[in-house]
Amino acid sequence: LMGYVQRLETAFFELSQQYYQGETKRVKSRKEFLNKGTHLILFIRHQYKCGFFSELRQDLTAALQHYVAAYNYLTEVQPTLSNSLEIRTVGGYLNYKICRLCFRGGAPRDALTQFRKHIDQFKVIAYYPDLDFEHYAWLSKQFSIFGDLFDEAVRGQGLTPIMNQHPGFYYKQASDYTMDRRRAAEARGCPAAAGIVSQDVDMSKVVYVGQRPWRVGFKEGQSCSPEDQQEGIYNIQAQ
């Protein structure tokens, strides 16, 4: 029975390889019709898709190359108040993928270099002044996630940490940014800091990851209702 199961597994594996290879070629073929100057966002999207399909095919080397390309394209996008959260969110996903694959591939130095680059890139980025605490929360999450990846490499792959490069260092940084977030929220007089909690922000109509609820239906450069924006900011402060 085990022999039949193994042959069936091999057959399914080969079929899935062919399918995702075909999907990768289909995505790459679209690049021929794009112009980087006007379709930069689609370049990021396509590279991310190719990286994901490569992971499913267990081709981790190709996956890493595509994720790195997507990240580099992302750094070329000009951040504004309206798109900065989207950029940070996608950047966080890509950074996680890159660092994880670097650790798994036995290249911890590359993972550390990528993370430093990531923080340097997004530590200073445009954001709504009334939501500065949100940026600190994002920074805290980045350090915490990297600490988890580092710790996983130490425990599961036998990576030996050193005094100034240790998972605990990144957890400590995450904790510091969490405290910065709390202080910023209190300084803003956020309702949540005073124990007042409003209804949850409605995310049901959001189309893209990191998109502000009050920006749904508006393209980059288009202005939304100041009243909707202010209400949205208040709801985030009250969470």
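Look up: the structure comes first, before these words.
### Points about the overall build of the chain
Along the backbone of the chain there are eight helices and zero strands. Sequence-ordered secondary structure for the chain, helices as α and strands as β, is α-α-α-α-α-α-α-α. Within the span of the chain, comprising 239 residues, buried residues form 36% of the whole. Expressed as a percentage of contacts within the chain between residues at least 6 apart in sequence, the contacts between residues at least 24 apart total 65%. Total accessible area computed for the chain in this model is approximately 14300 Å², and 54% of it derives from carbon and sulfur atoms.

### So, the packing of aromatic side chains
Across all of its chains, the model carries 19 aromatic pairs by this definition. Here tyrosine 48 and tyrosine 67 contribute two aromatic rings whose centre-to-centre distance is 5.6 Å and whose plane-to-plane angle is 55°, an arrangement assigned as tilted. Within this pair, whereas tyrosine 48 is found in helix α2 (residues 40-56), its partner tyrosine 67 is found in helix α3 (residues 60-74), the two being separated by 19 residues in sequence. For tyrosine 48, a relative accessible area of 29% puts it in the partly exposed group. Here phenylalanine 169 and tyrosine 170 contribute two aromatic rings whose centre-to-centre distance is 5.0 Å and whose plane-to-plane angle is 90°, an arrangement assigned as edge-to-face. On the accessibility criterion, phenylalanine 169 (38% relative accessible area) is partly exposed.

### Some thoughts on helix α6 (residues 132-157)
A rise of 1.5 Å per residue sets the reference length of α6, with its 26 residues, at 38 Å; its end C-alpha atoms lie 37 Å apart and thus fit the reference within 8%. Positive backbone phi, approximately 75°, marks glycine 158, located one or two places after α6.

### Considerations on the packing of helix α4 (residues 84-104) against α6
Running from N to C, α4 and α6 point in directions that differ by 10°, and their axes come no closer than 10 Å. The pairing of α4 with α6 is recorded here as roughly parallel in orientation. Every residue of α6 that contacts α4 at Leu85, Arg88, Thr89, Gly92, Asn95, Tyr96, Cys99, Arg100, Phe103 and Arg104 is listed here: Glu134, His135, Trp138, Gln142, Ile145, Phe146, Leu149, Phe150, Ala153 and Gln157. Here the contact of α4 with α6 is built from residues that sort into ten nonpolar, six polar and four charged.

### Re the environment of arginine 30
Residue position: arginine 30 is located in helix α1 (residues 2-30). For arginine 30, a relative accessible area of 37% gives the class partly exposed. As for arginine 30 and phenylalanine 43, which are separated by 13 residues in sequence, their C-alpha atoms are 9.7 Å apart. Sequence-distant contacts of arginine 30, that is, excluding residues within four places in its chain, are made with His46 and Lys49.

### Considering the nonpolar core
Soluble globular proteins tend to pack their nonpolar side chains together in the buried interior. Within the largest apolar cluster, 34 residues are counted, with the highest numbers of intra-cluster contacts made by Phe103, Phe115, Phe122, Phe143, Phe146 and Tyr170. Broken down by secondary-structure element, the contributors of at least two residues to this core are α2, α3, α4, α5 (108-122), α6 and α7 (167-187). Residues contacting tyrosine 170, with those up to four places away along its chain left out, are Leu112, Phe115, Phe143, Ser144, Phe146, Gly147, Phe150 and Gln165. Counting seven residues, the second-largest nonpolar core is a separate cluster that includes Phe133, Ala184, Ala185 and Cys190.

### A few points about the pattern of salt bridges
In the structure shown here, the tally under the stated rule is nine salt bridges. A salt bridge links glutamate 23 to arginine 26, with the nearest nitrogen and oxygen atoms 2.6 Å apart. Taken together, the residues span about one helical turn, with glutamate 23 and arginine 26 both in helix α1 at a distance of three residues. What emerges from the salt-bridge pattern is a single network uniting Glu55, Lys97 and Arg100.

Thresholds, definitions, all that
Residues numbered from 1 in each chain as written. Predicted model: local features only at pLDDT ≥ 70, side-chain atom pairs only at ≥ 80, totals over all residues. Heavy atoms only, no water. Helix = DSSP H or I, 4+ residues; strand = E, 2+ residues; numbered from the N terminus. Buried < 20%, exposed > 50% of the residue type's maximum accessible area, 1.4 Å probe, protein only. Contact = heavy atoms within 4.5 Å. Areas by Shrake-Rupley, 256 points an atom, 1.4 Å probe, with all protein chains shown as cover. Phe/Tyr/Trp six-rings, centres within 6.5 Å; stacked < 30°, edge-to-face > 60°. Expected span 1.5 Å × (residues − 1). Axes fitted to C-alpha atoms, helices over the stretch in contact; angles between N-to-C directions. Parallel < 35°, antiparallel > 145°, perpendicular 65-115°, else oblique. Nonpolar A, V, L, I, M, F, W, Y, C, P; charged D, E, K, R; others polar. Core = buried A, V, L, I, M, F, W, Y, C linked by side-chain atoms within 4.5 Å. Salt bridge = Lys/Arg side-chain N within 4 Å of Asp/Glu carboxyl O.

Interpretation in functional terms is not warranted from these geometric data alone.
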